[in-house]
Amino acid sequence: FFPAFYMIQAVSMKGAFLMKLFEKSFLIGASTAAHQVEGNNIHNDCWALEHIPHTAYAEPSGDAVDHYHRYEEDISLLAEAGLNAYRFSIEWARIEPEEGKFDADEVEHYRDMIRCCKEHGVEPMVTLHHFSTPAWVITKGGWETEDIVGHFACYCRYVMERLGSELNYVCTINEANIRLQIADIMKRYMLQAQQAQKAAEQNPEAALQIGMNMKALMEQQQLAAVEGAAAFGLTNPQGVHVFQSPCTPEGDVIICKAHAAARVAIREVCPHVKVGLTLSFHDFQPQPGAEDVAAREWDKEFRHYLPWLRDDDFLGVQNYTRSLIGPEGLLPTPEGAELTQAGYEYYPEGLEHVIRRAAEDFKSDIFVTENGIVTDDDTRRQAFIQTALEGVQRCAADGIPVKGYFH
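Engineer: Is there a simple way to explain the overall build of the protein chain in this structure?
Structural biologist: Regarding its fold elements, the protein chain presents 15 helices and 13 strands. For the protein chain, the proportion of its 407 residues judged to be buried stands at 52%. In the protein chain, of all internal contacts separated by at least 6 residues, the share reaching a separation of at least 24 is 79%. Accessible surface computed for the protein chain: about 19,100 Å², of which carbon and sulfur atoms make up 53%.

Engineer: Please clarify how helix H3 (residues 67-80) should be interpreted in this entry.
Structural biologist: An α-helical turn contains 3.6 residues, so a residue and the one three or four places further along point in the same direction. When the terminal C-alpha atoms of H3 are compared, their 17 Å separation across 14 residues is substantially less than the 20 Å that a helix rising 1.5 Å per residue should span. Taken as a whole, H3 has its buried residues at His67, Tyr68, Tyr71, Ile75, Ser76 and Leu78. The elements touched by buried residues of H3 are strand E3 (27-31), helix H1 (34-37), strand E4 (85-89), helix H4 (92-95) and helix H5 (104-119). Positioned one or two residues after H3, Gly82 has a phi angle of 95 degrees, which is positive.

Engineer: Quick question: what am I supposed to make of the packing of H5 against helix H7 (residues 147-163) here?
Structural biologist: When two helices pack together, their arrangement is captured by the angle between the axes and the distance separating the axes. Axis separation between H5 and H7 bottoms out at 10 Å; the angle between their running directions is 55 degrees. Looking at the two axes, H5 sits oblique to H7. By crossing handedness, the relation of H5 to H7 is classed as right-handed. Residues Ala104, Val107, Tyr110, Arg111 and Ile114 of H5 lie in contact with H7, whose contacting residues are Tyr158, Arg162 and Leu163. Residues belonging to the contact of H5 with H7 are distributed by class as follows: six nonpolar, no polar and two charged.

Engineer: I'm lost on the sheet that holds strand E9 (residues 314-319) in this one. Help?
Structural biologist: Within a sheet, each strand pairs with its neighbour through backbone hydrogen bonds, oriented either parallel or antiparallel. Overall, parallel pairing links the eight strands, which are arranged E3-E4-E5-E6-E7-E9-E12-E13 in a closed barrel. The sheet shows a mean angle of 25 degrees between the axes of neighbouring strands, taken without regard to direction. When strand E7 (residues 274-280) meets E9, the two strands line up parallel, connected through five bridges. Residue Thr278 lies in a different strand from E9, and its bridge partner there is Gly316. Along the sheet, H7 contacts strand E5 (123-129) and strand E6 (169-173); its crossing angle with E5, the most-contacted strand, is approximately 155 degrees.

Engineer: Looking at this structure, I do not really get the sheet that holds strand E10 (residues 322-326). What am I missing?
Structural biologist: Pairing within the open sheet is mixed, and its three strands lie in the order E8-E10-E11. The strands lining the two open edges of the sheet, one partner per strand, are strand E8 (283-286) and strand E11 (329-330). Relative to E11, E10 is paired through two bridges, and the arrangement is antiparallel. Its bridge partner lying in E11, Gly326 is registered against Gly329.

Engineer: Could you clarify how one ought to interpret the nonpolar core in this entry?
Structural biologist: Counting 83 residues, the largest nonpolar core has Leu128, Phe302 and Leu315 as its most contacted members. Sorting elements by how many residues they give to this core places H7 first, with nine residues. Among all residues touching Leu128, those that are not within four sequence positions of it are Ile90, Phe152, Tyr155, Cys156, Val159, Val170, Cys171, Thr172 and Ile266. Formed by nine residues, the second largest nonpolar core is a distinct cluster that contains Ala224, Ala229, Val240 and Val242.

Engineer: Before we go on, may I ask you to explain the packing of H3 against H5 in this structure?
Structural biologist: At a minimum axis separation of 9 Å, H3 and H5 run at an interaxial angle of 10 degrees. For the element pair H3 / H5, the angle class is roughly parallel. Two secondary-structure elements touch here, H3 through His67, Tyr68, Tyr71, Glu72 and Ile75 and H5 through Glu106, His109, Asp112, Met113, Cys116 and Cys117. Residue composition of the contact of H3 with H5, by class: six nonpolar, two polar and three charged.

Engineer: Can you help me understand the packing of aromatic side chains in this one?
Structural biologist: Aromatic ring pairs: the centre-centre distance and the angle between the two ring planes describe each pair. In the structure shown here, the tally under the stated rule is 18 aromatic pairs. With centroids separated by 6.3 Å and ring planes inclined at 85 degrees, the aromatic side chains of Trp92 and Trp136 adopt a geometry described as edge-to-face. Placement of Trp92 in helix H4 and of Trp136 in helix H6 (residues 135-139) is noted, with a sequence separation of 44 residues between them. When the ring of Tyr169 is compared with that of Phe314, the centres are 6.4 Å apart and the planes differ by 70 degrees; the resulting orientation is edge-to-face. Of this pair, Tyr169 sits in strand E6 while Phe314 is found in strand E9, placing the two residues 145 residues apart along the sequence. The pair formed by Tyr169 and Phe314 is uniform in burial state, with each residue classed as buried. Through a chain of ring-to-ring contacts, the aromatic side chains of Trp92, Phe131, Trp136, Trp143, Phe152, Tyr155 and Phe243 assemble into a single cluster. Directly above the aromatic system of Trp298 lies the positively charged group of Arg357, at a separation of 4.3 Å from the ring centroid. Lying across the ring of Tyr346, Arg380 places its NZ or CZ 4.3 Å from the centre.

Engineer: Whenever I open this one, the confidence of the model for the protein chain confuses me. Can you help?
Structural biologist: In regions of low pLDDT, the predicted coordinates are not meant to be interpreted in detail. The predicted model of the protein chain has a mean per-residue pLDDT of 91, with 88% of residues at 70 or higher. Scored below 50 in pLDDT, residues 1-18 makes 36 contacts in the model with residues more than four places away or belonging to other chains. Segment residues 203-212: pLDDT under 50, and six contacts once partners within four positions in sequence are set aside and those in other chains are kept.

Engineer: Teacher, can you tell me more about the side chain of His67 here?
Structural biologist: Within the fold, His67 resides in helix H3. Polar contacts involving the side chain of His67 include one to the side chain of Asp74, which spans 2.6 Å. Separated by 2.8 Å, the side chains of His67 and Tyr86 make a polar contact. In contact with His67, not counting residues within four places along its chain, are Val37, Glu38, Asp74, Tyr86 and Met113.

About the thresholds
Residues numbered from 1 in each chain as written. Predicted model: local features only at pLDDT ≥ 70, side-chain atom pairs only at ≥ 80, totals over all residues. Heavy atoms only, no water. Helix = DSSP H or I, 4+ residues; strand = E, 2+ residues; numbered from the N terminus. Buried < 20%, exposed > 50% of the residue type's maximum accessible area, 1.4 Å probe, protein only. Contact = heavy atoms within 4.5 Å. Areas by Shrake-Rupley, 256 points an atom, 1.4 Å probe, with all protein chains shown as cover. Expected span 1.5 Å × (residues − 1). Axes fitted to C-alpha atoms, helices over the stretch in contact; angles between N-to-C directions. Parallel < 35°, antiparallel > 145°, perpendicular 65-115°, else oblique. Left-handed = near helix turned anticlockwise from the far one by under 90°. Nonpolar A, V, L, I, M, F, W, Y, C, P; charged D, E, K, R; others polar. Pairing = 2+ DSSP bridges. Core = buried A, V, L, I, M, F, W, Y, C linked by side-chain atoms within 4.5 Å. Phe/Tyr/Trp six-rings, centres within 6.5 Å; stacked < 30°, edge-to-face > 60°. Lys NZ or Arg CZ within 6 Å of the ring centre and 35° of its normal. pLDDT = per-residue confidence, 0-100. Polar contact = N/O pair within 3.5 Å; in protein donor to acceptor, adjacent residues only side chain to side chain.

See the structure below:
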């Protein structure tokens, strides 16, 4: 549905529309994460946790879509669709499966991917950490220890010394704020679980009314924690600090330090490369009386990172939906709202809103590094993309330096 990589023109049978042209330098692409598409990333933490008996994963990744072997076909399809950019991640656990032991063959694999992109007229944007981490890093304390700052910077330097001359854009860390968001979700979940368990103890039928056995669920979580620790050679079930686990305030600072150290390493090796990170943004919409609550959420999600972003060349904005905020915090999805398969509200307008808010404080370039919808109905996907891109164009027309969109 992109007939040329620098223009968006389409006609709908349910109402004609014509979108304005993007600048020819504007990047329109697709975004993936290595663990989700490559298959057989056997040396990382996700793989380890997928294979414990009481795993939280719905299924193991296995071969995934075998992008590791089929990347040439995939990139060719991407280019044929009219896209001119591809954001993908380099899997740290492939490059450094054991501490200090680097795999030069895996570096060449990613070099081949970069060259394949260029052969098809596609600009590669590389992410150096997209959620998955080498298992050995977790064994050494993971994302709650200062040591990871040096480990990550060392890995980034190694990659950039070998591949940096072929790249123009590098994201250090994907969704650096996701661990704080997970911490908030877990707090809400635990409170709800405790309230439901108390109700079930007082009235056994309450367990049926909420549709689950809360005692069994909590027991399974405890078993998963013990098994997860064992998978990394740890004895303390509370000592598994993967990137997808809730973080402490200290852990949040450690991520920022890792980003800053990686940025220094990248610039020392490849001063021409533009460096940034990506953040997960919710379109916080306060209801009457909740303006201060929404402002605090925005500060936590974005503004408190600003001191760490001042030296970045760009910011990756990632948005999927909105969040309605009441005086007590997050409100339920409006009754009757269209939901995606992931259970969140269909709301493509949120992207424009978060770009505008981020641009109030971040004055360098902005890329939409992720945006999309979980659906098996491509008509809804097309409508989502149309609405989202119209919002991006309005931002650009108002002088906001938004330089690309990755679906």
